[in-house]
Amino acid sequence: MKRFVFLIVFSLFVLGNFYVFFRVYPILDLLPPSLHFIYWLVVVLVCSSIFLFFGIGRKLPVYLSAYLYKIGTGWLMLLVYAFLFVLILDVVSVVNHFFVHSENRILIYHSDLQSCLLVFGVVAIALLGFLNYQRKRRVEIDLSFSTKTPYKIVFVSDLHLGYAIEKRELKKWVELINQEQADLVLIGGDLIDYSLQPVIYNELGSLLQKIETKYGVYACLGNHEYMAGAKACVSFMQSNGIRVLSDQTIVIEDLSLCLIGRDDKTNPRRKKLADIIGDIDRNLTCVLLDHQPYNLSEANENGIDLQLSGHTHRGQVWPISWITDRLFENAHGYLKKGKTHYYVSSGLGIWGGRYRIGTQSEYVVINVK
């Protein structure tokens, strides 16, 4: 089944690239022959990078794998927009050919002007998406629970540290978190992206240790920790000041808080929520970290006060956001179901290409009163 799905995805990727670059080809008429080589070099690089990364990336130097990863996954997302642009241009050309009969090159199929417009459109989308990704949104929520004293939680999810997210970027994120002077910092899974190798190579652990909080930093596992090796990821996080809760609970008496961390849905042997909770004191506020926001009713049925999840990225880019909005009961944002409050974060980081189009990168500040 996996091979069949891969074959379909591979075929669509190849056909999509052929369709796009065939339509860009007339731009060569505007370039001197000495630059034609650059065009073909770009074509080969963007089309092959993602396969080179997943094929031999772990055997290459980290810096080289990072370039392949960024180019390959970045183009994978931009290909969607390039395809849509080409489709629009083809519709315009057909309408012109049969009804308008204009000689304007922007309306003529496979013209050099159409090729320039296509390139400009994709570059503009990439720039706007990148700038939107760089702008981190601060989401603030006020909740009232039974507690001895008010406290503040900073919740982040889906940092995806690795080949795409490196030291300079993580440093900015740690500074944003520390500005909040939080009592508690919670990480909702996918702290690590695809491999621990670039995380260790870039010494990201030393930055994670600088997160300032009164009662500690806690995390649950996400599906990407399983890709990178769950056991190694847990060891890495705990050695850098992050306590991982994997089907475990911890009580913070000062805050009248029971914090519950579920193992990721990737693990078929993860415990049921009812078994994890057991006979905990129901007078405590119960906050659940569960990376993938499936079966939200389970938290309400088990008396959870607040569930924090991530995973969806809300699709990261439009129109994939439409798909996630239909796949999940709550793909992003706040929801109340019965007595349980839910927040599904679209993530502080990203997977792959550094674009946010129609979605946002965010960190969540929860004031408990």
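Details of the structure are given in the entry above.
Residues numbered from 1 in each chain as written. Predicted model: local features only at pLDDT ≥ 70, side-chain atom pairs only at ≥ 80, totals over all residues. Heavy atoms only, no water.

A.B. asks: Just checking my understanding: could you explain the pattern of salt bridges for this structure?
C.D. replies: Two side chains carrying opposite charge are able to pair once their charged atoms lie near each other. By the definition in use, this model includes 14 salt bridges. With a closest N to O distance of 2.9 Å, E140 and R138 form a salt bridge. Classification of E140 by relative accessible area gives partly exposed; the value is 45%. The exposure class of R138 is partly exposed, given its relative accessible area of 39%. (Salt bridge = Lys/Arg side-chain N within 4 Å of Asp/Glu carboxyl O. Buried < 20%, exposed > 50% of the residue type's maximum accessible area, 1.4 Å probe, protein only.)

A.B. asks: I'm lost on the packing of helix α3 (residues 62-100) against helix α4 (residues 112-134) in this one. Help?
C.D. replies: A packed helix pair is summarised by two numbers, namely the angle formed by the two axes and the spacing between the axes. The interhelical angle for the contact between α3 and α4, taken along N-to-C directions, is 145 degrees, at an axis separation of 10 Å. Like other packed secondary-structure pairs, α3 and α4 cross with a definite hand, here right-handed. Each of W75, L78, Y81, A82, F85, V86, L89 and S93 in α3 lies in contact with α4, whose residues at this interface are Q114, L117, L118, G121, V122, I125 and A126. When the residues that make up the contact of α3 with α4 are grouped by side-chain class, the tally is twelve nonpolar, three polar and no charged. (Axes fitted to C-alpha atoms, helices over the stretch in contact; angles between N-to-C directions. Helix = DSSP H or I, 4+ residues; strand = E, 2+ residues; numbered from the N terminus. Left-handed = near helix turned anticlockwise from the far one by under 90°. Contact = heavy atoms within 4.5 Å. Nonpolar A, V, L, I, M, F, W, Y, C, P; charged D, E, K, R; others polar.)

A.B. asks: Sorry if this is basic, but what is going on with the sheet that holds strand β8 (residues 285-289) here?
C.D. replies: Each strand in a sheet pairs with another by means of backbone hydrogen bonds, the pair being arranged parallel or else antiparallel. Strands sit in the order β6-β7-β8-β9-β11-β10 across an open sheet of six strands; the sheet is mixed. Here the strands that pair on one side only, and so sit at the sheet edges, are β6 (248-252) and β10 (333-337). Within this sheet the neighbouring strands show an average axis-to-axis angle of 20 degrees, counted without direction. As defined by bridge partners, strand β7 (residues 257-261) adjoins β8 across five bridges and the pair is classed as parallel. Bridging from a neighbouring strand, G261 pairs with L289 of β8. (Pairing = 2+ DSSP bridges.)

A.B. asks: Where do I start with the packing of aromatic side chains in this structure?
C.D. replies: Per the stated rule, a full pass over the model turns up 16 aromatic pairs. With 4.9 Å between their ring centres and 65 degrees between their planes, F53 and Y69 make a pair best called edge-to-face. Here the residue F53 occupies a position in helix α2 (residues 36-56), and Y69 occupies one in helix α3, the gap between them amounting to 16 residues. Summarising the burial analysis for this pair, F53 and Y69 share the class buried. For the ring pair F54 and Y194, a centre distance of 5.4 Å and an interplane angle of 85 degrees mean the geometry is edge-to-face. Taken as a pair, F54 in helix α2 and Y194 in the loop between β3 (184-187) and α6 (197-201) lie far apart in primary sequence, 140 residues in all. (Phe/Tyr/Trp six-rings, centres within 6.5 Å; stacked < 30°, edge-to-face > 60°.)

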